[in-house]
Amino acid sequence: MQISCPNFIGGEWRTLRGASTPVFNPSTGEVIAECPVGTAALVDEAVQAAQAAFPAWRDTPPVERARVFFRYRQLLEANFDRICQSVSREHGKTLVEARGSIFRGLENVEYACGIPSLLMGDTLENIARGVDCETVMQPLGVCAGITPFNFPAMVPMWMFPVALACGNTFILKPSEKVPLSAVLIIELLEQAGLPKGVLNIVHGGREVVDALLTHPKVKAISFVGSTPIARYIYETGTKNGKRVQSNGGAKNYIVVMPDADVPKTVEALSTAAFGCAGERCMAGSTALTVGAAADRLLPTLVDAARAIKVGRTDRPTPQPDMGPVITAQHRDRVMSLVAAGEKEGAKVICDGRSAKVPDAPNGFFLGATIMDQVQHGTTLAREEVFGPVLNVMRIDDLDHAIEQANKSAFGNGAAIFTNSGKAAREFKHRVKAGMVGINVGVPATMAMFPFTGWDESFFGDLHIQGREGVQFYTQQKVISTRWFGEGVGDVWKK
Ligand code: NAD
């Protein structure tokens, strides 16, 4: 039986008949649900519901709004395994990876619980004689979030907890490839006592996105996805007068110095490159090995990559080390990029293209793949692969490694593995990326820090998460106050 995938509008779960797109279990290739294709008319209904719910939610004291998120946190914890299983089933992450991602989401809910403190403004007494000044942070109104396939629950949780805690109402458009975990976590939010209409889900694709980008009552758009769409969202949203934070794709470099600890670096590099089957915007997809580092590192790295067990993730046991990629088309795209790399002179030193999973012959599997001697300017050096493929570029010295990393059009993450404080200091100071790791392979930030992509990895001014997230979802009002006279009655000393 297929899993239901309803829209959620004005507090009503609605299963609509009509156009839909298939949701796959990538471990088996089976269709497990149909995702409805929403329309501009449905978006308008959702916006009207969110607009109607806004005044009462805005005027709910921040401590009361926070209490909804304290209850929500408990419900998420109580249903933790169910959510992880849903993520593993529709996305293909292993249960361990799904748990890690839900923890990251949960931390955003915990951050939202602190909203009374986060919304406190500044005051200055006596800016002029008898005049005081204060700032207050007020919500914007109806906000919308459009999310990618690679973190079905975590990325929505980057957005709606803080947006709602700030007093906004929200419309979520999950990825049509993985809409089921989003439905599950919003059912729990409803159980936590969120009033009707405060959060709405409209499923679909481009028509829904365009309707949100152009609707006059939508005040702000948060987007996470690929760079071409991120740019489109930013340009269209801002042209229509909206505040936009738009996260795009990435290509993250990991510099390995000759003095790096080999076992620890191999472990971190394998996780960074092959974790979540490489479908992470913070994947460490290119190793820049400096000098003798390649010869010290590669034999152990290849052994580690060959030992990664690929398999289905849709059952609690046994669990593999790595699951499938999201669709058959995506697997084919990754394979064609590897083939293009080979043609352009890179050497396949670990080949995962023929990975087979006997009990799931129709799953979308790929094994860990390592491409050595990738050259600057080639397809593999330029494109985001978004699969379990690690490129190795051999570089003579640290200066050239930093130069190579800085040639990237993207600017999400970068890391260095070294025992030299001087090399690490040089790297962190000069590298052109928003999130930097020193002996940390995936320096993705936690809820209290902004997720600081640069260049083609981010379009906008205020990033998702942390204080920037709170600023994005609020507008400041500065109030200057002076009181005349002495009021009614004889209260002052004569
Ligand atoms: P995608 O850009 O294809 O889709 C993202 C969202 O945009 C989905 O909801 C989709 O329905 C919608 N969309 C797709 N095409 C559209 C169009 N033509 N017009 C309007 N809307 C459209 O991305 P994806 O494949 O789901 O996710 C993978 C990408 O997301 C990778 O590039 C990855 O690096 C990126 N990503 C970035 C971050 C970050 O924080 N920078 C985090 C996670 C994922």
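Just so we're clear, the structure is a prediction, and the values are computed from it rather than from any experiment.

Caption draft 1: Examining the overall build of the protein chain more closely. The secondary structure content of the protein chain amounts to 16 helices and 22 strands. Here the C-alpha atoms of the protein chain give a radius of gyration of 24 Å, agreeing with the 23 Å that 2.2 N^0.38 yields for 494 residues. For the C-alpha atoms alone, the extent of the protein chain along its principal axes is close to 90 × 60 × 40 Å. Counting all 494 residues of the protein chain, 53% fall into the buried class. Long-range contacts, defined here as pairs at least 24 residues apart, represent 72% of the contacts in the protein chain between residues at least 6 apart.

Caption draft 2: Focus on the sheet that holds strand β12 (residues 252-256). One open sheet accounts for 7 strands, arranged β14-β15-β16-β13-β12-β18-β19; its pairing is mixed. With one partner strand each, in any of the chains shown, β14 (347-350) and β19 (435-438) form the two edges of the open sheet. The average angle at which neighbouring strand axes cross in this sheet is 25°, direction not considered. Here helix α11 (residues 293-306) sits on the sheet in contact with β12, β13 (284-290), β14, β15 (369-372) and β16 (389-395), set at roughly 60° to β14. Set on the sheet, helix α12 (residues 328-343) makes contact with β14, β15 and β16; between it and β15 the angle comes to about 25°.

Caption draft 3: Structural context of the site of the ligand. The local shell around the ligand holds 27 residues, among which Pro148, Gly225, Asn247, Gly249 and Cys281 are the closest. Grouping the constituent residues of the shell around the ligand by class yields 11 nonpolar, 12 polar and 4 charged. Each of two domains, domain 1 (7-248 + 457-479) and domain 2 (253-438), supplies a minimum of three residues to the shell around the ligand.

Caption draft 4: View of helix α1 (residues 40-58). The terminal C-alpha atoms of α1, which comprises 19 residues, lie 26 Å apart, in line with the 27 Å expected from a rise of 1.5 Å per residue. Along its length, α1 shows its largest kink, about 25°, at Ala52, and proline Pro55 lies within four residues downstream of that point. Among the residues of α1, Leu42, Val43, Ala46, Val47, Ala49, Ala50, Ala53, Phe54 and Trp57 are the ones counted as buried. On its buried face, α1 sits against β1 (7-9), β7 (142-146), β8 (169-173), β9 (199-201), α8 (206-214) and β10 (218-224).

Caption draft 5: Representation of the sheet that holds strand β22 (residues 474-482) within the structure. One open sheet holds the 3 strands; their spatial order is β5-β6-β22, and the pairing between them is antiparallel. The sheet terminates laterally at β5 (123-128) and β22, the two strands that pair on one side only. Strand-to-strand twist in this sheet, taken as the mean axis angle between neighbours without regard to direction, amounts to 30°. Bridge count between β5 and strand β6 (residues 131-139): 3 bridges; the pairing is antiparallel. Among the inter-strand pairings, Thr123 is bridged to a residue of β6, identified as Glu134.

Caption draft 6: Region of the structure containing the domain arrangement of the protein chain. For the protein chain, the assigned domains read domain 1 (7-248 + 457-479) and domain 2 (253-438). One C-alpha centre belongs to domain 1, the other to domain 2, and the line joining them spans 31 Å. The partner domain 2 presents 24 residues to the 18 residues of domain 1 that form the contact. Of all the elements in the fold, those that place two or more residues in the side of domain 1 that touches domain 2 are β3 (20-25), α3 (80-91) and α4 (95-113).

Caption draft 7: Fine view of the environment of Val470. Assignment of secondary structure puts Val470 in helix α16 (residues 466-472). Judged by the 21 C-beta atoms lying within 10 Å of it, Val470 is buried. Sequence separation between Val470 and Ala277 is 193 residues; the distance between their C-alpha atoms is 32 Å. Discounting chain neighbours no more than four positions away, the residues touching Val470 are Leu118, Val162 and Cys166.

Caption draft 8: Main features of the pairing of strand β18 (residues 413-417). With 5 of 5 residues buried, β18 lies mostly within the body of the structure. Residue alternation in β18 divides its side chains into two sets, Gly413, Ala415 and Phe417 and Ala414 and Ile416, and both sets are buried. Bridge analysis of β12 against β18 gives 4 bridges, and the strand direction is parallel. Its bridge partner being in β18, Ile254 is matched across the sheet by Ala415.

How each quantity is defined
Residues numbered from 1 in each chain as written. Predicted model: local features only at pLDDT ≥ 70, side-chain atom pairs only at ≥ 80, totals over all residues. Helix = DSSP H or I, 4+ residues; strand = E, 2+ residues; numbered from the N terminus. Rg over C-alpha atoms; globule rule 2.2 N^0.38 Å. Buried ≥ 20, exposed ≤ 12 C-beta atoms within 10 Å, placed from the backbone. Contact = placed C-beta atoms within 7 Å. Pairing = 2+ DSSP bridges. Axes fitted to C-alpha atoms, helices over the stretch in contact; angles between N-to-C directions. Near = placed C-beta within 6 Å. Nonpolar A, V, L, I, M, F, W, Y, C, P; charged D, E, K, R; others polar. Domains from an automatic or database assignment. Expected span 1.5 Å × (residues − 1). Bend = angle between axes of the 7 residues up to and from the residue.

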